[in-house]
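These are the residues of each chain, in order.
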Amino acid sequence: MPDPVESTPRPNRSWCRTLALCAAMAAAVIVTLFAAGAPASARSKSNQIQYEYVPPKDPAHQAIYDQMKQGRALENLQELLSPLRLPYPLKLTVAGCDGVPNAWYSNEVVKVCYELLAEFLKHASKQELPMGITRADTILGPVLDVFLHETGHAVYDMLQIPILGRQEDAADQFAAYVMLRLGKEEARKLILGAAYGYNIQMPQGVRVTMEVDAFSNEHSLPAQRAYNVLCIAYGADSKLFADVVELEFLPKKRAELCPYEYEDLTFAMTKLIGPHIDKRRAAKFHEVWARTVTERRARLARP
Ligand SMILES: [Zn+2]
């Protein structure tokens, strides 16, 4: 069978004799590339993040809605994620979910429920924790983690990124990798805050009893998600996260493998997601976060 590429008739070079004709031909090629059916990457562009604060139906969520709007939370996320080059707009929303504390991505929309944000506030630490984790960290870490996790699902879907392994783990890895790009001090706070959200407060050596069907969930178990995010962080910077191992929040045996796990993640992110990042915008990533986070930390400092 002939190779379909080789069997396609090729243009005769003599067609392109004048500058105007060449320009017209180049324009025709570009139009063809951008037509429906062209690869998604050919139509992708940065600054594709939209947002919506859906007014809550439950009056109990009004304060969260007001705080998020006042703090321009979604506007800040929009700016933070603007370097992503996507083929279609991606909308970030906060909305009521009729009592279900969840978040998901579907059809170019990330939806985070007020109910889930309320859970993060309810479980936020009321006191400073080991390793200098503050109450603000135990809110900002899980909130950013859930938005980035869902954005990870969106990126894999919209850019048709192949995934080996479970997509839920891949979305967790995307979130951790992005948080680690926010500068050392912020990365540390957010990673530890996110791990707290996954049950870092669980004492070491404790015995856990659970229904067997908990193991069938598409997500890894909360404690596994905490160890995974800490492992990625320790693998990325073993000095910055040294106390995570010294204080045994991450067992030494796992920690020994973390540089290799982080190397695998870096390779996948660089190879698969890297070509879809606007490098000029991404260079301001840390700056954007630093500019917007100080006020939020102060607001979240007190219960
Ligand atoms: Zn998920």
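Attention in this report is confined to the structure presented alongside it. Owing to the predicted nature of the structure, the values given are computational and were not obtained by experimental measurement. (Residues numbered from 1 in each chain as written. Predicted model: local features only at pLDDT ≥ 70, side-chain atom pairs only at ≥ 80, totals over all residues. Heavy atoms only, no water.)

**Here's the deal with the side chain of His-149**
Here comes step 1: Looking at the element boundaries, His-149 is found in helix H7 (residues 135–158).
Here comes step 2: A residue is classified by how much of its surface remains accessible, and His-149, at 4% relative accessible area, is buried.
Here comes step 3: Polar contacts involving the side chain of His-149 include one to the side chain of His-153, which spans 3.1 Å.
Here comes step 4: One polar contact links His-149 to Glu-168, side chain to side chain, over a distance of 2.9 Å.
Here comes step 5: With sequence-adjacent residues up to four places away left out, His-149 is seen in contact with Glu-168, Ala-171, Asp-172, Ala-175 and Arg-225. (Helix = DSSP H or I, 4+ residues; strand = E, 2+ residues; numbered from the N terminus. Buried < 20%, exposed > 50% of the residue type's maximum accessible area, 1.4 Å probe, protein only. Polar contact = N/O pair within 3.5 Å; in protein donor to acceptor, adjacent residues only side chain to side chain. Contact = heavy atoms within 4.5 Å.)

**Here's the deal with H7**
Note that an α-helix has 3.6 residues per turn; residues three or four places apart therefore point the same way.
Here comes step 1: For H7, built from 24 residues, the straight-helix expectation of 34 Å at 1.5 Å per residue is met to within 8% by its first-to-last C-alpha distance of 35 Å.
Here comes step 2: At the C-terminal side of H7, Gln-160 shows a positive phi close to 55°. (Expected span 1.5 Å × (residues − 1).)

**Quick notes on the pattern of salt bridges**
Here comes step 1: Throughout the structure, instances matching the rule amount to eight salt bridges.
Here comes step 2: With a closest N to O distance of 3.1 Å, Asp-98 and Lys-57 form a salt bridge. Taken together, the residues span a long stretch of sequence, with Asp-98 in the loop between strand E2 (90–95) and strand E3 (103–106) and Lys-57 in the loop between strand E1 (49–53) and helix H4 (62–70) at a distance of 41 residues.
Here comes step 3: The class for Asp-98 is exposed, based on a relative accessible area of 66%.
Here comes step 4: For Lys-57, a relative accessible area of 66% puts it in the exposed group. (Salt bridge = Lys/Arg side-chain N within 4 Å of Asp/Glu carboxyl O.)

**Observations regarding the coordination of the zinc ion**
Here comes step 1: Distances from the zinc ion to its protein donors, His-149 (NE2), His-153 (NE2) and Glu-168 (OE), fall within 2.0 to 2.1 Å.
Here comes step 2: Of note, the zinc ion draws all its donor residues from one chain, in the sequence arrangement H-x3-H-x14-E. With His-149 and His-153 both in helix H7 and four residues apart, the pair spans about one turn of that helix. (Donors = N, O, S within 2.8 Å, 3.2 Å for Na, K, Ca; no water.)

**Observations regarding the pairing of E3**
Here comes step 1: Going residue by residue along E3, you find Ala-103 and Tyr-105 tucked away on one face and Trp-104 and Ser-106 left uncovered on the opposite face.
Here comes step 2: Taken together, the four bridges between E3 and strand E4 (residues 109–113) define a ladder with antiparallel strand orientation. Note on E4: the bridge partner recorded for Tyr-105 is Val-110.
Here comes step 3: Taking the residues between adjacent antiparallel strands as the criterion, E3 and E4 are bridged by two residues, where Asn-107 takes a positive phi near 50°. (Pairing = 2+ DSSP bridges.)

**Considering the state of the cysteines**
Here comes step 1: Taken as a whole and assessed by the stated rule, the structure comprises two disulfides.
Here comes step 2: Note on cysteine connectivity: Cys-97 is disulfide-linked to Cys-113, with sulfurs 2.0 Å apart. The sign of the -85° torsion about the S-S bond sets the Cys-97-Cys-113 disulfide as left-handed. On the criterion of sequence distance, the pair formed by Cys-97 in the loop between E2 and E3 and Cys-113 in strand E4 is long-range, its members being 16 residues apart. There is no split in this pair, since Cys-97 and Cys-113 are both buried.
Here comes step 3: One disulfide in the model links Cys-231 with Cys-258; its S-S distance is 2.0 Å. Disulfide Cys-231 to Cys-258: torsion about the S-S bond roughly -120°, handedness left-handed. With Cys-231 in helix H10 (residues 222–236) and Cys-258 in helix H13 (residues 258–273), this pair connects stretches of sequence that are 27 residues apart. (Disulfide = S-S within 2.5 Å.)

**Some remarks on H13**
Here comes step 1: Given a rise of 1.5 Å per residue, 16 residues ought to cover 22 Å, and the 21 Å separating the end C-alpha atoms of H13 matches this to within 8%.
Here comes step 2: Restricting attention to buried positions, one finds in H13 the residues Cys-258, Tyr-262, Leu-265, Met-269 and Ile-273. End-on, the buried residues of H13 take up no more than an arc of 60°, which puts them together on one face. When the buried face of H13 is taken as reference, the exposed residues oriented beyond 90 degrees from it are Tyr-260, Glu-263, Asp-264, Phe-267 and Lys-271. (Arc of directions from axis to C-beta.)

**Comments concerning the packing of helix H9 (residues 184–197) against helix H15 (residues 285–300)**
Here comes step 1: For the pair H9 and H15, the least separation of the axes is 12 Å and the interaxial angle reads 50°. The angle between the axes of H9 and H15 places the two elements in the oblique class. The hand of the H9/H15 crossing is left-handed. Contact residues: Glu-186, Lys-189 and Leu-190 in H9; Trp-289, Val-293 and Arg-297 in H15.
Here comes step 2: Partitioning the contact of H9 with H15 into residue classes produces three nonpolar, no polar and three charged. (Axes fitted to C-alpha atoms, helices over the stretch in contact; angles between N-to-C directions. Parallel < 35°, antiparallel > 145°, perpendicular 65-115°, else oblique. Left-handed = near helix turned anticlockwise from the far one by under 90°. Nonpolar A, V, L, I, M, F, W, Y, C, P; charged D, E, K, R; others polar.)

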